[in-house]
Amino acid sequence: MYSLVTKISSWAIPAIIVFIPLYAIFKKVPVYESFVEGAKDGFDTSIRIIPHLVGMMVAISVFRASGAMDFLVGFAKPLFDYLGVPSEVLPLGLLRPITGSGSLAFTTELIKQYGPDSMIGRMASTIQGSTDTTLYVLTVYFGAVGVKKGLYALKVGLISDLVGFVAAIFICYLVFS
């Protein structure tokens, strides 16, 4: 199973990179001109999201500095220990919906401490790829385009993060045990 996943993953990105421009050419889309137009739009969008990004960064700092994350980890640790799941990955499950860079830094620390081929390193990497920065996306992108009612998106995003977290742990045990 591991060798199959390795072969698929080594060819997936190059195949996508080759497929997209070829498909665009087949559909007679001006590839370079479309890219330049998208880059211009991206610059305008980045200017609009800066205030929302700053607000989100302040909120993340307050969450971590207040001890709220440590409280949540301490609260859920007995359940993780009972289920046989390494509690070291629990903070990653809490951080990932909030901040991409914070969760990446935490994943890096787990990999440095336990190694990339350890179960914890593999779980951390899989969780990083199976979940999204839901609160960041809602704050920055919804704020940039003026979405006022994002409660349903918040619920769906957090549920999908939970499902991705649980699935990542299950798949790691399935593939790497």
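Let me begin by describing the structure that accompanies this report. In this text the structure is predicted, and so the values were computed from the model without any measurement.

What about the packing of helix 5 (residues 100-114) against helix 6 (residues 119-130)?
Close contact between helix 5 and helix 6 brings their axes to 8 Å; oriented N to C, the two are set at 165 degrees. Relative to helix 6, the element helix 5 is oriented roughly antiparallel. The hand of the helix 5/helix 6 crossing is left-handed. Across the interface between the two elements, Gly100, Ser103, Leu104, Thr107, Leu110, Ile111 and Tyr114 from helix 5 touch Ile120, Gly121, Ala124, Ser125 and Gln128 from helix 6. Considering only residue class, the contact of helix 5 with helix 6 consists of 6 nonpolar, 6 polar and no charged.

Topic: the layout of surface pockets
Here the largest pocket is characterised by a volume of approximately 350 Å³. Every residue lining the largest pocket is counted, 14 residues in all, and those nearest its centre are Leu90, Gly93, Leu94, Pro97 and Leu162. Per-element tally for the lining of the largest pocket: the top contributor is helix 8 (residues 151-176), with 4 residues. Looking at the lining of the largest pocket residue by residue, the classes come out as 12 nonpolar, 1 polar and 1 charged.

Topic: the pattern of salt bridges
Under the criterion given, the structure shown has 3 salt bridges. Where Lys77 meets Asp81, a salt bridge forms, and the shortest distance between an N and an O atom there is 3.1 Å. Of this pair, Lys77 and Asp81 both sit in helix 3 (residues 68-83), 4 residues apart, which is roughly one turn of the helix. A residue is classified by how much of its surface remains accessible, and Lys77, at 36% relative accessible area, is partly exposed. Its relative accessible area of 43% is what places Asp81 among the partly exposed residues. Of the charged contacts in the structure, one is a salt bridge between Glu109 and Lys112, with a shortest N-O distance of 4.0 Å. Of this pair, Glu109 and Lys112 both sit in helix 5, 3 residues apart, roughly one helical turn. By relative accessible area, Lys112 is classed as exposed at 63%.

Procedures and definitions
- Residues numbered from 1 in each chain as written.
- Predicted model: local features only at pLDDT ≥ 70, side-chain atom pairs only at ≥ 80, totals over all residues.
- Heavy atoms only, no water.
- Axes fitted to C-alpha atoms, helices over the stretch in contact; angles between N-to-C directions.
- Helix = DSSP H or I, 4+ residues; strand = E, 2+ residues; numbered from the N terminus.
- Parallel < 35°, antiparallel > 145°, perpendicular 65-115°, else oblique.
- Left-handed = near helix turned anticlockwise from the far one by under 90°.
- Contact = heavy atoms within 4.5 Å.
- Nonpolar A, V, L, I, M, F, W, Y, C, P; charged D, E, K, R; others polar.
- 1 Å grid on protein atoms, 1.4 Å probe; cavity = no way out; pocket = protein on both sides within 12 Å on 5 of 7 lines; lining within 4 Å.
- Points joined across faces, edges and corners; volume = space filled by probe spheres on them.
- Salt bridge = Lys/Arg side-chain N within 4 Å of Asp/Glu carboxyl O.
- Buried < 20%, exposed > 50% of the residue type's maximum accessible area, 1.4 Å probe, protein only.

Read these as geometric descriptors, not functional statements.
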